[in-house]
Amino acid sequence: MTTDRPIVFTRHARNHLRRTKLAQDELLVLLDAHETEHRDGSRINRWIWHLGNWLRVVLVEEPDAIVVIAVIWPARPPREPS
């Protein structure tokens with residue numbers, strides 16, 4: 001993810017990464033090549049096709065940083081925005 005702001009991982013996101021055996025550096029590379037993006041208020045849901053499954057990364061853009069809130073392997077794919 002190319003930005004001048006630092007990317008901060010919450011404890012929740014770090015725990016999800018550890019459970020999915022995905023490194024933070026690996027996730028940053030995947031975020032650069034994200035497939036689709038949906039906004040829900042102030043949160044950004046980035047959907048990435050990785051290892052045959054969809055990966056959802058929930059982000060919040062703050063003035064001084066980009067915060068990764070959660071990294072989730074959902075049971076269903078992203079739906080089309082209405």
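Structure shown above.
Rules used throughout
Residues numbered from 1 in each chain as written. Predicted model: local features only at pLDDT ≥ 70, side-chain atom pairs only at ≥ 80, totals over all residues. Heavy atoms only, no water. Buried < 20%, exposed > 50% of the residue type's maximum accessible area, 1.4 Å probe, protein only. Helix = DSSP H or I, 4+ residues; strand = E, 2+ residues; numbered from the N terminus. Arc of directions from axis to C-beta. Contact = heavy atoms within 4.5 Å.

Those residues of helix α1 (residues 11–20) not exposed but buried are A13, H16 and L17. On an axial view of α1, the arc spanned by its buried residues comes to 100°, and they lie on one face. For α1, exposure combined with an orientation more than 90 degrees from the buried face picks out R11, R18 and R19. In the core, the buried residues of α1 are packed alongside β1 (7–9), α2 (24–32) and β5 (66–72). Following α1 by one or two positions, K21 adopts a phi angle in the positive range, close to 60°.

This part is about α2. All of the buried residues along α2 are L27, L30 and L31. Projected down its long axis, α2 shows its buried positions confined to an angular sector of 100°, all on one face. Away from its buried face, by an angle of more than 90 degrees, α2 presents the exposed residues D25 and V29. Where α2 is buried, its residues contact β1, α1, β3 (43–50), β4 (53–61) and β5.

Glancing now at the side chain of H50. Secondary-structure assignment places H50 in strand β3. Leave out the neighbours within four places in its chain, and H50 touches L22, E26, L30 and W73.

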